[in-house]
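Each chain, written out:
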Amino acid sequence: MRRRLAGLAVLALTAAGCAGADGAEPRGGDELTGTLTVFAAASLTDVFTELGDRLADDHPGLEVRFSFAGSSALATQISQGAPADVFASADEAQMAVVTDAGLADGEPQVFTRNVLEIVVPAGNPAGVTGLADFAREELALAVCAAEVPCGAAAEDVFAAAGVTARPDTLEEDVRAALTKVELDEVDAALVYASDVDSAEGAVEGISFPEAEQAANDYPVCVLADAPNPAAARAFVELVLSPEGREALAGAGFAAP
Amino acid sequence: MSRHDGARVPAPLLVPAALGVLFLALPLVGLLVRTPWSQLGTQLGAPGVGEALRLSLVSATLATAVSLLLGVPLAWVLARSRARGRTVLRALVTVPLVLPPVVGGVALFLVLGRQGIVGSWLDEAFGVTIPFTTTAVVIAATFVAMPFLVISVEGALRAADARFEDVAATLGAGRWTTFRRVTLPLVAPGVAAGAVLCWARALGEFGATITFAGNFPGTTQTMPLAVYLALQRDPDAAIVLSVLLLAVSLATLLLLRDRWLGRATA
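Remember, predicted model here, so these are calculated numbers, not experimental data. (Residues numbered from 1 in each chain as written. Chains lettered and ligands numbered in written order. Predicted model: local features only at pLDDT ≥ 70, side-chain atom pairs only at ≥ 80, totals over all residues. Heavy atoms only, no water.)

**Topic: the domain arrangement of chain A**
Residues and elements named next belong to chain A.
Working step 1: Annotation of chain A at the domain level lists domain 1 (2-112 + 218-250) and domain 2 (116-214).
Working step 2: Contacts between the two partners involve 6 residues from domain 1, matched on the other side by 7 residues from domain 2.
Working step 3: Summed over both sides, the interface between domain 1 and domain 2 buries roughly 450 Å², with carbon and sulfur atoms accounting for 50% of that surface.
Working step 4: Inspection of the domain 1/domain 2 interface yields 0 salt bridges.
Working step 5: Linking domain 1 with domain 2 are 0 residue pairs in polar contact (both at pLDDT 80 or more), by the criterion used here.
Working step 6: Classifying every residue of the side of domain 1 that touches domain 2 gives 2 nonpolar, 2 polar and 2 charged. (Domains from an automatic or database assignment. Contact = heavy atoms within 4.5 Å. Buried area = accessible area lost by both parts, 1.4 Å probe. Salt bridge = Lys/Arg side-chain N within 4 Å of Asp/Glu carboxyl O. Polar contact = N/O pair within 3.5 Å; in protein donor to acceptor, adjacent residues only side chain to side chain. Nonpolar A, V, L, I, M, F, W, Y, C, P; charged D, E, K, R; others polar.)

This is how it looks when you write it as structure tokens:
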């Protein structure tokens, strides 16, 4: 009896399609099983792991696996046929790579936003106060390369602030920039607010008004070839729920 | 390699050897098939490409020079000396081979960074900071590439007939003269092969470089870094750059083979 109910629930969820993601089905009422594979931007590592644990706790038969990496690397892997159920990207450009290839099931939904913050080593030894300090030649400064989302955002905020930045290194991803601050090898870097939160203690964050001009929207979608579409929808639903939003806010992300 | 002895490949070797060639060469074929040849001119003319290529060649060559200078004597110590702790020494030499290069980059920070054990002293005493400079690129490349040279040369020294050295000694040659006039010519092919391996590894170096030296066009952005970043925005550009790097390194190695290696290894 129970098994038949579970089958019905899966059917209902499958029939609901991506639109089911913003529906109001209560989670926990169905029996999700098997393996759920989530491809998510590296910045989501902590908060998605936590949400995945909660989903697995509610469904003892379900195993949740994550692949955290740069969004562009993940988009490439999905285009090359990686068996993923859910894709959460750190910007809309990389999500477009997946949707343009017809690999998304329905429209992706924006679930959070991330803004840039200045990050300095604990104690702020160089006395950095704002974006203008990125023009100081004597400081060792790290900014993301323009090819990756955080670098594109950095260019936008410097343009908005009218600052000609003089970085010493253009980092290949936001975590690499953060690492250099944690190691105290640069005086300041531009990273996302959520990254500053994840490294609390070793670094300090300084917010600045121009950050709003270059906020990154994070879209999520169920993939068309998802091996476990029912679990995929349940996860997306959890991310979009008030509970998911609260977890994201706790990790330094902004509301969409 | 030498055709004159007309050695036929034994059948049990032929199939695995052919599979080996396929395994190594097919990814290269894949790159060549996907290369957007029509865009070749525009991609190669893009700003920064020439700079990155020059920086790669210069830093790989300098790294090889430093490795020869330090690595050949180190290989001699490993192969010939009877000193205690040689096993430990050999294990230490292979550390950079095992270490993920990104971790190697962090380790270099901890020693040569501005907060590092040696780096902080350099900064205070001379006002010199190494990270994010071309020097850092060469150091990172040397760190990951030198073990290849040391191991090749050590192998050659072990395989070399030590009786030549004994004879030189009985004829009155000092140890230094013996090393220069007898040992070194004897292991020249091994040194050459090691130098080629070392150069190739240094040319392709990515992880330790992007960590320790950072990425800035003109100072620290080598070809592998440029390829990686191009991949984020424009995969076609990344493929063109990779093919260029491959072509230049193959051309260099073939040229060296004719000029120098050809004689040494024939």
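**Quick notes on the UniProt feature "binding site: molybdate" (unreviewed entry) in chain A**
Residues and elements named next belong to chain A.
Working step 1: Those places that UniProt annotates as "binding site: molybdate" (unreviewed entry) correspond, in this numbering, to Ser-43, Ser-71, Val-174 and Tyr-192. A stretch of 150 residues holds the annotated residues, and the largest C-alpha distance among them is 14.5 Å, short enough that they meet in one place.
Working step 2: In this structure, Ser-71 sits in helix H3 (residues 71-79).
Working step 3: The contact partners of Ser-71, leaving out residues within four places of it in the chain, are Ala-41, Phe-87, Ser-89, Ala-90 and Gln-94.
Working step 4: Tracing the backbone shows Tyr-192 in strand S8 (residues 188-192).
Working step 5: Once residues within four sequence positions are removed from consideration, Tyr-192 is found in contact with Asn-114, Val-115, Leu-116, Glu-117, Pro-149, Cys-150, Val-174, Asn-216 and Tyr-218. (UniProt positions renumbered as here; feature names shortened; annotations may be inferred. Helix = DSSP H or I, 4+ residues; strand = E, 2+ residues; numbered from the N terminus.)

**Let's talk about the UniProt feature "transmembrane region" (unreviewed entry) in chain B**
All names here are of chain B.
Working step 1: UniProt feature "transmembrane region" (unreviewed entry): in the numbering of this structure it lies at residues 12-33, 53-79, 91-112, 132-153, 182-202 and 237-256.
Working step 2: Secondary structure over residues 53-79 splits into 100% helix and 0% strand, and the C-alpha atoms at its two ends are 36 Å apart.
Working step 3: Its end C-alpha atoms 29 Å apart, residues 237-256 is made of 100% helix and 0% strand.

**Topic: the pattern of salt bridges**
Working step 1: On inspection of all chains with the given rule, the structure shows 18 salt bridges over all chains.
Working step 2: In this structure, A:Asp187 engages B:Arg114 in a salt bridge whose closest nitrogen and oxygen atoms are separated by 2.8 Å. Highlighted residues: A:Asp187 in the loop between helix H6 (174-182) and S8 and B:Arg114 in the loop between helix H5 (101-112) and helix H6 (119-126), drawn from two different chains.
Working step 3: Among the residues examined, A:Asp187 registers a relative accessible area of 7% and is labelled buried.
Working step 4: With relative accessibility at 18%, the residue B:Arg114 sits in the buried group.
Working step 5: A salt bridge links B:Arg34 to B:Asp236, with the shortest nitrogen-to-oxygen separation between them at 3.3 Å. In this pair, B:Arg34 sits in helix H1 (residues 11-34) while B:Asp236 sits in helix H13 (residues 235-265), placing the two residues 202 residues apart along the sequence.
Working step 6: With a relative accessible area of 47%, B:Arg34 lands in the partly exposed category.
Working step 7: A single network of salt bridges, built from pairs that share partners, joins A:Glu50, A:Arg54 and A:Glu243. (Buried < 20%, exposed > 50% of the residue type's maximum accessible area, 1.4 Å probe, protein only.)

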